[in-house]
Amino acid sequence: MSYKEKIHKDRLPRHVAIIMDGNGRWAKNKGEARAFGHLNGVNGVRESLKAATEIGIEYLTLYAFSTENWDRPPEEVEALMDLLVQTIIKEIDELDENEVSLQVIGDIEKLPMKCGEALKDAIRRTSGNKRITLILALSYSARWEMTQAMKNLAIDVKNGEIDPKEINESIITQYLQTRNFPDPELLIRTSGEKRISNFLLWQIAYSELYFTETLWPDFGKEDFFKAVHAFQTRERRFGKISEQVNS
Ligand code: IPE
Ligand code: IPE
Ligand code: MG
């Protein structure tokens, strides 16, 4: 029985987030340059998007480039940015046909102009699509996002638009870039690393974490289904006790 068949359609996570990791090691294992790993990493993106769409996941967030990734060797950064533009241009028609709505979180003003333009164009074109929302985290880090949120909240307090006594979790959530998306119930990281690397710190407060040794270019639909299945075997207690959750 495949993992897809084992999934209960009535208990799906609405939002799955993935830290796509292991492109460099995948390439190294094959005696190739790191950029070759990134090129093949597009395969993991295609497969996980297909898998998520097939079972009816509403939101898929992919961590594609972190704030800290700007410190990689310039030629790798450049290769990643070129790949980003080329992939968007190549895939946009298919994304649109499959009713995918593209969204971005992160400091996109920092991206090269051609990337920013390709992204804004793709977001505009797909904005009416309703089947699944694909959120790319680009030049993103959770601490950057929270810092921006605090700055903007401080400005609104200063302008008298918000009373500090009224600040609560739901107001803070409104200042994050993810304000229009539910929190991910499931966070997947590939390549065997077990850390968060500055991803969605606020939003994953109660996410189920799933780690796999599979390197990102090898991550296929069944790997995605396997993670969703594992999620469905867990008991999410949110601080309560088992008997309360099951009653
Ligand atoms: C993930 O693969 C892609 C990005 C972070 C852009 P890596 O490039 O981190 O691959 P490893 O971790 O070096 O194998
Ligand atoms: C995290 O991967 C960032 C992305 C997947 C975009 P890294 O490979 O950059 O993370 P670290 O440096 O191993 O923590
Ligand atoms: Mg890595």
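Provided above is the structure to which this section pertains.
A quick note: this is a predicted structure, and the numbers were derived from the prediction, not measured.

Outline the pairing of strand S4 (residues 132–140), listing residues and values.
The buried fraction of S4 is high, at nine of nine residues. Bridging between strand S2 (residues 59–66) and S4 involves seven bridges; their strand directions are parallel. Bridge pairing links Ser 66 to Tyr 140 in S4. With six bridges joining them, strand S3 (residues 100–105) and S4 adopt parallel strand pairing. Bridge assignment links Ser 101 to a residue of S4, and that residue is Thr 133. Handedness of the crossover joining S3 and S4 through helix H5 (residues 113–126) is recorded here as left-handed.

Which residues make up the packing of helix H3 (residues 34–55) against helix H4 (residues 74–97), and what values do they have?
At their nearest, the axes of H3 and H4 sit 10 Å apart, and the two run at 30 degrees to each other. Relative to H4, H3 is oriented roughly parallel. In this structure, H3 meets H4 at a crossing whose hand is right-handed. Seen from H3, the contacting residues are Arg 34, Ala 35, His 38, Leu 39, Val 42, Arg 46 and Leu 49; seen from H4, they are Glu 76, Ala 79, Leu 80, Leu 83, Thr 87, Lys 90, Glu 91 and Leu 95. Looking at the contact of H3 with H4, its residues break down into eight nonpolar, two polar and five charged.

Describe the site of ligand 2, listing the residues and the values that go with them.
The local shell around ligand 2 consists of Ile 19, Met 20, Asp 21, Tyr 63, Ala 64, Phe 65, Ser 66, Asn 69, Arg 72, Arg 189, Arg 195 and Ser 197. With respect to ligand 2, the side chain of Asp 21 contributes an N or O atom lying 3.2 Å from an oxygen atom. A distance of 2.6 Å is found between an oxygen atom of ligand 2 and a side-chain nitrogen or oxygen belonging to Ser 197. Of all the elements, S2 adds the most residues to the shell around ligand 2, at four residues. Split by residue class, the shell around ligand 2 holds five nonpolar, three polar and four charged.

How would you explain the site of ligand 1 if you had to name every residue and give the values?
As a matter of local geometry, ligand 1 sits amid Met 20, Asp 21, Gly 22, Asn 23, Gly 24, Arg 25, Arg 34, His 38, Ala 64, Asn 69, Arg 72 and Leu 80. Taking Gly 24, its main chain carries an N or O atom lying 2.9 Å from an oxygen atom of ligand 1. In the model, an oxygen atom of ligand 1 is placed 2.8 Å from a nitrogen or oxygen of the Arg 25 side chain. Contact with the protein chains hides 87% of the accessible area of ligand 1, taken as 380 Å² for the molecule alone. Broken down by element, the shell around ligand 1 gets its largest block of residues, three residues, from helix H2 (residues 23–29).

Can you explain the pairing of strand S5 (residues 186–189)? Please cite residues and give values.
Going residue by residue along S5, you find Leu 186 and Ile 188 tucked away on one face and Leu 187 and Arg 189 tucked away on the opposite face as well. Across four bridges, strand S1 (residues 15–19) lies against S5 in parallel orientation. In the sheet register, Ala 17 faces S5, and the bridge partner there is Leu 187. In this sheet, strand S6 (residues 208–211) lies alongside S5 in parallel orientation, the contact comprising four bridges. Bridge pairing links Arg 189 to Phe 211 in S6.

Can you lay out the side chain of Thr 178 for me, pointing to particular residues and giving the numbers?
Following the sequence through the fold, Thr 178 ends up in the loop between helix H7 (169–174) and S5. Engagement of the side chain of Thr 178 in a polar contact is seen with the side chain of Gln 203, the distance being 2.7 Å. Ignoring any residue separated from it by four or fewer positions in sequence, one finds Thr 178 in contact with Ile 105, Glu 145, Leu 200 and Gln 203.

How each quantity is defined
- All residue numbers refer to positions counted from 1 along the written sequence of the respective chain.
- Chain A is the first chain written and ligand 1 is the first ligand written, with later ones labelled in order.
- The predicted nature of this model means local features are confined to residues of pLDDT at least 70 and side-chain atom pairs, given and counted, to a pLDDT of 80 or more, with totals for whole chains, interfaces and linings taken over all residues.
- The basis for every side-chain value is the complete set of non-hydrogen atoms in the structure, without hydrogens or water.
- Each residue is placed in one exposure class: buried if its accessible area under a 1.4 Å probe, protein chains only, is under 20% of its type's maximum, exposed if it is over 50%, and partly exposed if it falls in between.
- Working definition: helices are DSSP H or I runs of at least four residues, strands are E runs of at least two. Numbering for both runs from the N terminus.
- Note on pairing: two strands pair once DSSP finds at least 2 bridges between them.
- A clockwise path from the first strand over the helix to the second, with the strands pointing away from the viewer, defines a right-handed crossover.
- In this analysis an axis means a line fitted to C-alpha atoms, helices contributing only their contacting stretch, and an angle means the value between N-to-C directions, from 0 to 180 degrees.
- The cut-offs work like this: below 35 degrees is roughly parallel, past 145 is roughly antiparallel, 65 to 115 is roughly perpendicular, and the gaps in between are oblique.
- Take the far helix as your reference; a near helix turned counterclockwise from it by less than a right angle gives a left-handed crossing, and one turned clockwise gives a right-handed crossing.
- By the convention used here, residues are in contact when the closest approach between their heavy atoms is within 4.5 Å.
- Charged residues are taken to be Asp, Glu, Lys and Arg, nonpolar residues to be Ala, Val, Leu, Ile, Met, Phe, Trp, Tyr, Cys and Pro, and polar residues to be all remaining types, Gly included.
- Any residue with a non-hydrogen atom lying within 4 Å of a molecule or strand is treated as near it.
- We call two N or O atoms a polar contact when they sit within 3.5 Å, provided that within protein one can donate a hydrogen and the other can accept it, with sequence-adjacent residues counted only if both atoms are side-chain atoms.
- Per-residue and other accessible areas follow the Shrake-Rupley method at a 1.4 Å probe size, with only the shown protein chains counted as cover for residues.

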